[in-house]
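Okay, here's what each chain looks like letter by letter:
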Amino acid sequence: MCDTCGCNVTPGNAHLAHTPNERGESAVSVLSSLLTANDQVAAHNRAHCDTHGVLALNLMSSPGAGKTALIEATIDALKDELRIAVIEGDLETENDAARVRAKGVPAHQITTGTACHLDAHMVHEALHHLPLAGLDVLFIENVGNLVCPASFDLGQHRNVTLLSVTEGDDKPSKYPVMFRAADLMLLTKTDLLAVLDDFDTKRAEANLRALANPAPAIQLSARKGAGMEHWIAWLKQEVRDQRHRVAARVSLRPAIQPDGAKLHQSFGQWRIRG
Amino acid sequence: MSSRNLAMHELSVCQALLEQVATVAKSHRAQSVSRIVLRIGPLSGVEPQLLQAAFPLARGGTFAATAELVIEDLPIRVKCEQCGAETDATANRLLCGRCGDWHTRLLSGDELLLASVELLEAEEACATPVAAT
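Conventions we followed
Along each chain, residues carry numbers from 1 onward, in the same order as the chain's sequence is written. To label them, take the chains in the order written and letter them from A, then take the ligands in the order written and number them from 1. Confidence filtering applies because this is a predicted model: local features only for residues at pLDDT of at least 70, side-chain atom pairs given and counted only at 80 or more, and all residues used for totals across whole chains, interfaces and linings. Burial is judged by counting the other C-beta atoms within 10 Å of a residue's own C-beta: 20 or more makes it buried, 12 or fewer makes it exposed, and any count in between marks it as partly exposed, with every C-beta position built from the backbone. Helix and strand definitions follow DSSP, with helices as H or I runs of at least four residues and strands as E runs of at least two, each counted in order from the N terminus. Strand pairing requires that DSSP identify at least two bridges connecting the strands. To define axes, lines are fitted to C-alpha atoms, for helices over the stretch in contact only, and angles between the resulting N-to-C directions are given on a 0 to 180 degree scale. By definition, residues are in contact whenever their C-beta atoms, placed on the basis of the backbone, come within 7 Å of each other. The arc in question is formed by the directions pointing from the helix axis toward the C-beta atoms. By convention the nonpolar core is taken to be a set of buried residues drawn from Ala, Val, Leu, Ile, Met, Phe, Trp, Tyr and Cys and joined through C-beta atoms within 7 Å. The split of the chain into domains comes from an automatic or database domain assignment. Each residue is assigned to one of three groups, with Ala, Val, Leu, Ile, Met, Phe, Trp, Tyr, Cys and Pro labelled nonpolar, Asp, Glu, Lys and Arg labelled charged, and all others, Gly among them, labelled polar.

Just to check I follow, could you spell out the pairing of strand β6 (residues 112-121) of chain B for this structure?
Residues and elements named next belong to chain B. Within β6, 10 of the 10 residues are buried, which leaves the element mostly enclosed by the surrounding structure. Two elements, strand β1 (residues 30-40) and β6, share 9 bridges in a ladder whose sense is antiparallel. Paired with V37 across the bridge in β6 is S116.

Right, here's the structure in full:
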């Protein structure tokens, strides 16, 4: 079936894949991503969204950076133009899903209990609770955490990473795995810049560039509305691009995921090791 | 998958690892696994030391219950798209080591790979299994 998980090795060809030594031990080279199982479900989720013409965005940030406030303001700005649904990820409570539903938009809350990130399996289950047909945009609000969510592909098309100006402009340098994964960096709560003397938006962007990441950086305040038009323009362009991709039967992975898929193609075969 | 019940990121990675190892062991009809070799880069988001600490907790009752976990650290290397140089870099400064430009492509450093698995055969080895070195 595939060359990566080993399911192509049968009793008939297993002798080609390894040779035991005199101690009865044999070494099998695998060279596949540790997250193969997650990545396979993620690919399935992405295909599911593509089938329905939905653009899936993974929103990641620290807790309290304003992910839910951004979603609320986006719904207010676009609810007559785009059909939106939301998957909310938190350790506990239905609070965020309730906030989104109050805006008249379908939302499904995942409570992870103790898990620090969403994974593709959780998102797959959540997709079955949402009316994908007729949707334009699916926001997946990840668990607030700048570490673990970056390692798990959920089946999204784009990663949007929020950095609120109360957090410090060196966050991209402190959490390189997260900010390297960003297709768009949003500097949020910029209405507070007036009372903060230690956040330099240029420095935040320079720290993103130092990760070799060309992603655009947009400044906005979801509460006050400043800069929202740039985010809305980016989002509408992504929706148009997704429609074109769906029409052309092309799918899009976020810019950076652990390079498992790429490596599978070149190394994803069973090998004999001495 | 039951990874959602585990608190630590590294524990859930361990569990994914052990599922893959079990697949390898089963398809070779092996009795058990003596050694697992991983290759991990600093930009994978997984901390090798934490993975080592989580592994003994996760391996119990699996094919790898007595297996040794070996983690090979991979360096961060970038290739400059401006001057073409291939140089070392650090996790939060992926700049070209020669010209300093940020337009670089990562050559190595974000890997999270199961490199190889050493198996104990079901029949021959069960008399005197010897740990791999």
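I keep staring at the sheet that holds strand β4 (residues 107-111) of chain A and nothing clicks. Help me out?
Across a sheet, paired strands are connected by hydrogen bonds in the backbone, their directions being either parallel or antiparallel. Residue and element names in this part refer to chain A. The sheet built from 7 strands is open, its strands ordered β4-β3-β5-β2-β6-β7-β8 with parallel pairing. Each of the sheet's edge strands pairs with one partner strand only, and the pair in question is β4 and β8 (217-219). Going across the sheet, the axis of each strand differs from the next one's by a mean of 20°, ignoring polarity. Two elements, strand β2 (residues 55-60) and strand β6 (residues 158-164), share 4 bridges in a ladder whose sense is parallel. Pairing of M60 across the sheet is with T161, part of β6.

Just to check I follow, could you spell out the environment of T62 of chain B for this structure?
Residue and element names in this part refer to chain B. With respect to the helices and strands, T62 occurs in the loop between α2 (48-59) and β2 (68-73). Once the C-alpha coordinates of T62 and L18 are considered, the two residues, 44 residues apart in sequence, prove to be 7.5 Å apart. When near neighbours in sequence (up to four residues on either side) are disregarded, T62 contacts L18 and A22.

Looking at this model, I keep getting lost on helix α8 (residues 201-209) of chain A. Mind explaining?
The α-helix advances 3.6 residues per turn, and as a result positions three or four apart in sequence lie on the same side. All names here are of chain A. Among the residues of α8, those classed as buried are A204, N207 and L208. Taken down its axis, α8 places every buried residue within 105° of arc, on the same side. At its buried positions, α8 is contacted by β6, α6 (171-174), α7 (176-180), β7 (184-188) and β8.

Is there a simple way to think about the nonpolar core in this case?
Soluble globular proteins: nonpolar side chains tend toward being buried together. Within the largest apolar cluster, 107 residues are counted, with the highest numbers of intra-cluster contacts made by I140 and M185 of chain A together with V21 and V33 of chain B. Residues lining this core come from more than one domain, with at least three contributed by each of domain 1 (1-74 + 111-124) and domain 2 (75-108) of chain B.

In this structure, what is going on with the sheet that holds strand β4 (residues 86-88) of chain B? I would like to understand it.
Residue and element names in this part refer to chain B. Reading across from one edge, β4-β3-β5 is the order of the 3 strands in this open sheet, with antiparallel pairing throughout. Either end of the sheet is taken by a strand with one partner, and the two such strands are β4 and β5 (104-108). Direction aside, the axes of adjacent strands within the sheet are offset by 35° on average. In this structure, strand β3 (residues 77-80) lies alongside β5, joined through 4 bridges in antiparallel fashion.

I keep staring at the environment of A115 of chain B and nothing clicks. Help me out?
With respect to the helices, strands and loops of the structure, A115 of chain B is situated in strand β6. With 20 C-beta atoms counted inside 10 Å, the residue A115 of chain B sits in the buried group. Sequence separation of A115 of chain B and D88 of chain B is 27 residues, and the distance between their C-alpha atoms is 22 Å. Beyond its immediate sequence surroundings of up to four residues, A115 of chain B is in contact with S29, V30 and L31 of chain A together with V37, L38, R39 and E72 of chain B.

Where do I start with the domain arrangement of chain B in this structure?
Residues and elements named next belong to chain B. The domains assigned to chain B are domain 1 (1-74 + 111-124) and domain 2 (75-108). A straight line from the C-alpha centre of domain 1 to that of domain 2 covers 31 Å. On the domain 2 side, the residues contacting the 5 residues of domain 1 number 4 residues. Tallied by class, residues from the side of domain 1 that touches domain 2 come to 3 nonpolar, 1 polar and 1 charged.

Looking at this structure, I do not really get unusual backbone geometry. What am I missing?
Note on backbone geometry: most residues besides glycine have negative phi, and most peptide bonds are trans. Residues and elements named next belong to chain A. Not every positive phi belongs to a glycine, and K189 is a case in point at roughly 60°. Positionally, K189 belongs in the loop between β7 and α8. The buried category is assigned to K189, around which 24 C-beta atoms lie within 10 Å. Even without a glycine there, the phi angle at A212 is positive, about 60°. Relative to the elements of secondary structure, A212 occurs in the loop between α8 and β8.

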